[in-house]
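Remarks on the overall topology
Here is how the chains run, residue by residue.
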Amino acid sequence: MASGVSDAKANTRLNWYSEFSEPTLEALFQRTMQTHHACQLRYALWSAAGLFLAFSLADYALLGMGEAYGWLLVMRVAVALSCVALAMATLKRPALAQRPLPVNVICLLCLTGLMTTIPLRPDQIGIHLASMIFASMVLYLFVPNRFPWILAWNAYLASGVVTAMLIWSSLAPELMFTGLLLMGFVNMLGSLTLTRLDRLQRNQFASLLEEREINRQLHREIEERRLLEERLRHMATTDELTGIANRRHFFELANRELSRALRERTPLAMCMVDIDHFKRLNDRYGHATGDRVLAAVADCCQSVLRDTDIIGRYGGEEFVLAFPNANLHTAASIGERLREKVTQLTLPDIDDLGPLSVTVGISRVEAHEVELDGALLRADQALYAGKTRGRNRVVVADPQVSLLTDVKVSAGH
Ligand SMILES: Nc1nc2c(ncn2[C@@H]2O[C@H](COP(=O)(O)OP(=O)(O)OP(=O)(O)O)[C@@H](O)[C@H]2O)c(=O)[nH]1
C-alpha cells in the first residue's frame, strides 16, 4: 500500500505557477474543475457585461449625447455582447471555459474596451484608476485562466493604462507614481492570492486522490482477506478429496440436527456407507484411481440425498450420513437407492473397473438418546453385519427387536 500512495504523492508536486508538474494529473484536475470553472467564468462574464452597459449611463451623464458618447456606447455594447455570447456558449460547452482562445479574446476585448475610455474621458483619472484596479482583481480572482496568461493580461492592462494616461491625460508625476505604486500592490496581492488559492485547491485535490487510492487498496485487502477466510473456512470444513464435509464438520451439522430432533421430537436416522473391496481396487488400479472412485461414490451418494440430509467422510473409504426427519423405513429406502446407484457407477476412462458396490448400515437415534454415539455404533454394527453377509446390501439395526435386518438381500461379490 505504501508504495502506491508514495507514488501518488510524488506526482502531486506543483510547478512555479501552481499547477501540477505531472501533465496528466493537471489534465485530470482541470477536467474535475471544468463545471466549476465554467460557472465561475459565466459569473465574471455576466458581471462584466452588466458593468460595461451600466457605465454607459455614467458616460451619458459626463459626456452627453455626442460623437464621443456614441463611440463609447458602441464599444460597450460590443464588449457586453461578446461577454454574453461566451457565457451562453459555456452553458452548452463548459470545456470552453478552460480553452485559452475564447477566454483570452474576451480578456483582450474587455481590457482594450476599458482603455479606450481614457482618451474619450481623459479628465476622469480617478475613475480610470479605480476601474483598472477593479479589472485587475477580477482577472486574478474570477477569470479561470492560467497564471502566466493572467500575468500577461495584467501587464497589458497596466502598460496600456499608463501609456494612455501619458498620452491623453495631463497627469502630475507624483499622481502617476502613486498610480504605478497602486498597480504594483494590486498585482502583488492578486498574484499571491491566486497562487495561494491554486495551491490550496490542488493540495486538496491531491489529498482526495491519495485518500481514494488508500480506500481502493483497503477494499482490495479486505476482499483478499475475505477470500482467504472463505478458503480457510472451506478447507477447515471440507474433505479435500471428495468435496463433502469432513468428519469434524459433519458431526457439527449432525449434532445440530440431533438438538433439533430432541427439541421437536422428530426422528433422526444415521447411516454408514463403506465401499466394498476397496483395497483390491486400490491394489489393482493404483491409489490415484482409488481416489477418483472415492470422489465418484461421494458424488453418487450426494445425488440420492434429500436437501436436508447430511453427508461426511468418516475416514478411509467410509462415509457417514444423517437423515433428519426420517424413520428407519425412510432411511432404509434412501440407503437402498444409494446402494443401487453405486452399482451403476462407471469411470469414463476405465472400462474394466468391474462392478462397484457399497454396504450400508442404518440405525436411528432412540427417544432416550441425547448423543449420536449409540446410533453410530449400531449403524456400524449393521454395516459390519452387511459385510459378513456378503456386502452390497443395506442392513437396518432396530434395537427394539434386537435385529439386524437386510433391506434387500443382494448378491455379494
Ligand atoms: N485411494 C485411496 N485409498 C484409501 C484412502 N483411504 C483409505 N484407503 C484404502 O482403503 C482400503 C480399505 O481397505 P479395507 O479396510 O481392508 O477394506 P476393503 O478392502 O474395502 O474391504 P471391505 O471393506 O471388507 O469390503 C485400504 O487399502 C486403504 O489404504 C484414500 O483416501 N484413497
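Cut-offs used in this document
Residues numbered from 1 in each chain as written. Predicted model: local features only at pLDDT ≥ 70, side-chain atom pairs only at ≥ 80, totals over all residues. Heavy atoms only, no water. UniProt positions renumbered as here; feature names shortened; annotations may be inferred. Helix = DSSP H or I, 4+ residues; strand = E, 2+ residues; numbered from the N terminus. Buried < 20%, exposed > 50% of the residue type's maximum accessible area, 1.4 Å probe, protein only. Contact = heavy atoms within 4.5 Å. Expected span 1.5 Å × (residues − 1). Near = heavy atom within 4 Å. Polar contact = N/O pair within 3.5 Å; in protein donor to acceptor, adjacent residues only side chain to side chain. Areas by Shrake-Rupley, 256 points an atom, 1.4 Å probe, with all protein chains shown as cover. Nonpolar A, V, L, I, M, F, W, Y, C, P; charged D, E, K, R; others polar. Phe/Tyr/Trp six-rings, centres within 6.5 Å; stacked < 30°, edge-to-face > 60°. Lys NZ or Arg CZ within 6 Å of the ring centre and 35° of its normal. Salt bridge = Lys/Arg side-chain N within 4 Å of Asp/Glu carboxyl O. Patch = residues over 30% accessible without salt bridge, like charges linked within 9 Å, V, L, I, M, F, W, Y side chains within 5 Å. Pairing = 2+ DSSP bridges.

Labelled according to an unreviewed UniProt entry, the chain appears under the name diguanylate cyclase, originating from Billgrantia gudaonensis. Turning to the chain, the UniProt annotation filed under Catalytic activity (unreviewed entry) states: "2 GTP = 3',3'-c-di-GMP + 2 diphosphate".

Here we look at the overall build of the chain
The helix and strand inventory of the chain stands at twelve helices and six strands. In the chain, which comprises 413 residues, the proportion classed as buried is 45%. Here the contacts in the chain between residues at least 6 apart in sequence split such that 67% fall between residues at least 24 apart.

Some remarks on helix 3 (residues 67-92)
Its 26 residues give helix 3 an end-to-end C-alpha distance of 38 Å, which sits within 8% of 38 Å, the value for a rise of 1.5 Å per residue. Its buried side turned inward, helix 3 meets helix 2 (23-63) and helix 4 (100-120).

Some thoughts on the site of the ligand
In the neighbourhood of the ligand, 17 residues make up the surrounding shell, with F278, K279, N282, D291 and R313 lying closest. One nitrogen or oxygen atom from the main chain of I275 is found 3.2 Å from an oxygen atom belonging to the ligand. Between the ligand and N282 there is a distance of 2.7 Å, counted from a nitrogen atom to a side-chain nitrogen or oxygen. When the ligand sits alone it has 670 Å² of accessible area, and the protein chains cover 67% of it. Partitioning the shell around the ligand into residue classes produces four nonpolar, five polar and eight charged.

Details of the packing of aromatic side chains
Applying the stated criterion across every chain yields a total of nine aromatic pairs. A centroid spacing of 4.8 Å and a plane angle of 75° characterise the contact between W16 and Y17, whose relative ring orientation is edge-to-face. Residue W16 is classed as exposed on the basis of its relative accessible area of 60%. When the ring of F29 is compared with that of F205, the centres are 5.2 Å apart and the planes differ by 75°; the resulting orientation is edge-to-face. Taken together, the positions of F29 in helix 2 and F205 in helix 7 (residues 173-237) put the pair 176 residues apart, joining distant regions of the chain. An identical accessibility class is assigned to F29 and F205; each is buried. The lysine or arginine in question, R247, covers the ring of Y314, its NZ or CZ lying 4.1 Å from the ring centre.

Some words on the pattern of salt bridges
According to the stated counting rule, one finds 19 salt bridges in the structure shown. We note a salt bridge from R364 to D398, for which the minimum N-O separation is 3.5 Å. You can see R364 sitting in strand 4 (residues 358-364) and its partner D398 sitting in strand 5 (residues 394-398), a full 34 residues away along the chain. For the pair formed by R364 and D398, the shared burial category is buried. Several salt bridges share partner residues, and in doing so they unite E26, D198 and R202 into one network.

Description of the side chain of S191
Locating S191 in the fold gives a position in helix 7. A polar contact of 2.7 Å, which involves the side chain of S191, links it to the backbone oxygen of N187.

Concerning a nonpolar patch on the surface
Together, L51, F55, L62, L63, I127 and F134 make up an exposed nonpolar region whose accessible area comes to about 470 Å². Taken together, the elements giving at least two residues each to the nonpolar patch come down to helix 2 and helix 5 (125-141). Broken down by element, the nonpolar patch gets its largest block of residues, four residues, from helix 2. With respect to the secondary-structure elements, L63 resides in helix 2.

Describing the pairing of strand 2 (residues 310-315)
When a strand is regular, its side chains alternate between the sheet's two faces. Relative to strand 3 (residues 318-324), strand 2 is paired through five bridges, and the arrangement is antiparallel. Residue I311 lies in a different strand from strand 3, and its bridge partner there is L321. Between strand 2 and strand 3, which pair antiparallel and follow one another directly, the connecting turn spans two residues, one of which, G316, has a positive phi of 50°.

Quick notes on the side chain of R364
Judged by its relative accessible area of 19%, R364 is buried. Within the structure, R364 has its side chain in polar contact with the side chain of E366 (distance 2.8 Å). If we ignore the near neighbours within four places in the chain, the residues touching R364 are L268, A269, M270, L328, E369, A375, R378, D398 and Q400.

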